[in-house]
Amino acid sequence: MDVAEPAAQRLAWGLHNALGFVFMVAWTVGWICLALLLLLVTRRRDLALRMAARCWAPALLAGTAARLVVEGADAIDWSRPRLLVSNHQSIIDICALFRAVPVPLHFLLKREMTRVPFVGWYARACGMLFIERDNPRAGARLRREAAALLREGSTLCLFPEGTRSRTGVVAPFKGGTFQSAIDAGVDVLPVAIDGAGAVLPAGGFRARPGVIRVRFGTPLPTSGCGSGAGARQALADAAHASVVALLRRQD
């Protein structure tokens, strides 16, 4: 094998990723500025969220040479608010979910995101929720805020593993925020993302072409779940099993 070819390929991909990173930052800042201006004029968060889904996310997916395949969305009644729970492989998961979900989508993000210029401003202005991992007292407040958002008719997405998986293995789901779905009386919708970790692995910006599949499972009702830590953890375990089954499914 010619050793020069792999070296040339690495150089080409390095240049591609450097340019891609610059484009990602510039594209994100530009659209956030437009979205914040729109919010200032219209006071409509739904329009700013749709801009992310229809303008911002498609270009970033295309920039990584990723092809998005969505499965099961047509079977979901999107007129009803739901708590979406997904496995987490890559930062590009958010782009994939924005594109795959046909309604304005809110996310539960790490509190550290509020300190990121532009991204934090946009997230706050659009009503995203934030989790304080080092503050045990913040959990109850977060659950109340999430339940209120769901009762208002919004769709909320969270990554209950707590962090990105570097191996593709789905870590156990933390049950705390599932209480918000129980309190709001909305279904939990399991979502499996496959391929995102290969397209844009955790750590750095090293994009590679590939297919990202977003599979929607069967909604899990919360009526009759009861209350307390045991009930919400049982719901979390059921959602985890559903996501794992979706990832194992072969079409």
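Preceding this section is the structure that the text describes.
Note that the structure is predicted; figures quoted are calculated from it, not measured.

Novice: Can you help me understand the overall build of the protein chain in this one?
Specialist: Secondary structure assignment for the protein chain yields 8 helices and 7 strands. In terms of overall size, the protein chain behaves like a compact globule, its C-alpha atoms giving a radius of gyration of 19 Å where 251 residues would be expected to give roughly 18 Å. Each principal axis of the C-alpha atoms in the protein chain carries an extent, and together these give about 65 × 45 × 40 Å. Here the protein chain holds 251 residues, and 46% of them are scored as buried. Intrachain contacts of the protein chain at a sequence separation of at least 6 include 74% that bridge at least 24 residues. Accessible surface computed for the protein chain: about 12600 Å², of which carbon and sulfur atoms make up 59%. Across the protein chain, 30 positive and 18 negative side-chain charges occur, with their mean positions spaced 5 Å apart.

Novice: Is there a simple way to think about the state of the cysteines in this case?
Specialist: What is meant by a disulfide is a covalent connection between two cysteines, made through their sulfur atoms. Applying the stated criterion to the full structure yields 0 disulfides. As a non-bridged cysteine, cysteine 55 has cysteine 95 as the owner of its nearest cysteine sulfur, 13 Å distant. Residue classification places cysteine 95 among the buried residues on the basis of a relative accessible area of 4%.

Novice: Honestly, a nonpolar patch on the surface in this entry has me stumped. Any pointers?
Specialist: A contiguous nonpolar patch, built from Phe21, Val22 and Val25 and spanning about 260 Å² of accessible area, is present on the exposed surface. Examined against the element boundaries, valine 25 turns out to sit in helix H1 (residues 4–42).

Novice: What am I meant to see in the sheet that holds strand E2 (residues 82–86) here?
Specialist: Sheet strands pair via backbone hydrogen bonds, and the direction of the pair is either parallel or antiparallel. With respect to topology, 7 strands assemble into an open sheet ordered E1-E7-E6-E2-E5-E3-E4, the strand pairing being mixed. Edge positions in the sheet fall to strand E1 (66–71) and strand E4 (129–131), since each has one partner strand and no second. For this sheet the average axis-to-axis angle between neighbouring strands, irrespective of direction, equals 25°. Where E1 lies against strand E7 (residues 210–216), 6 bridges are found, and the strand directions are parallel. By the bridge assignment, arginine 67 is partnered in E7 with valine 211. On the sheet, helix H8 (residues 229–248) packs against E2, strand E6 (187–194) and E7 and is oriented at approximately 35° with respect to E6.

Novice: It is not clear to me how the packing of aromatic side chains should be interpreted in this structure. Could you clarify?
Specialist: Counting across every chain of the model gives 8 aromatic pairs. Aromatic side chains tryptophan 27 and tryptophan 31 sit 5.7 Å apart centroid to centroid with 65° between the ring planes, which places their arrangement in the edge-to-face category. Of the two residues, tryptophan 27 and tryptophan 31 both sit in helix H1, 4 residues apart, roughly one turn of that helix. Judged by relative accessible area, which is 23%, tryptophan 31 ranks as partly exposed. With a centroid separation of 4.8 Å and an interplanar angle of 50°, the aromatic rings of phenylalanine 118 and tryptophan 121 are classed as tilted. In textbook terms, an aromatic cluster arises when at least three aromatic residues are bridged by ring pairs, as seen for Trp56, Phe98, Phe107 and Phe159.

Novice: Could you clarify how one ought to interpret the pairing of strand E5 (residues 155–158) in this entry?
Specialist: A regular strand places its side chains so that they alternate between the two faces of the sheet. The side-chain alternation of E5 yields two buried faces, one formed by Thr155 and Cys157 and the other by Leu156 and Leu158. In this structure, strand E3 (residues 105–110) lies alongside E5, joined through 3 bridges in parallel fashion. Bridge assignment links histidine 106 to a residue of E5, and that residue is leucine 156.

Quick notes on the rules
- Residues numbered from 1 in each chain as written.
- Predicted model: local features only at pLDDT ≥ 70, side-chain atom pairs only at ≥ 80, totals over all residues.
- Heavy atoms only, no water.
- Helix = DSSP H or I, 4+ residues; strand = E, 2+ residues; numbered from the N terminus.
- Rg over C-alpha atoms; globule rule 2.2 N^0.38 Å.
- Buried < 20%, exposed > 50% of the residue type's maximum accessible area, 1.4 Å probe, protein only.
- Contact = heavy atoms within 4.5 Å.
- Areas by Shrake-Rupley, 256 points an atom, 1.4 Å probe, with all protein chains shown as cover.
- Lys, Arg positive; Asp, Glu negative; His and termini not counted.
- Charge placed at Lys NZ, Arg CZ, Asp CG, Glu CD.
- Disulfide = S-S within 2.5 Å.
- Patch = residues over 30% accessible without salt bridge, like charges linked within 9 Å, V, L, I, M, F, W, Y side chains within 5 Å.
- Salt bridge = Lys/Arg side-chain N within 4 Å of Asp/Glu carboxyl O.
- Pairing = 2+ DSSP bridges.
- Axes fitted to C-alpha atoms, helices over the stretch in contact; angles between N-to-C directions.
- Phe/Tyr/Trp six-rings, centres within 6.5 Å; stacked < 30°, edge-to-face > 60°.

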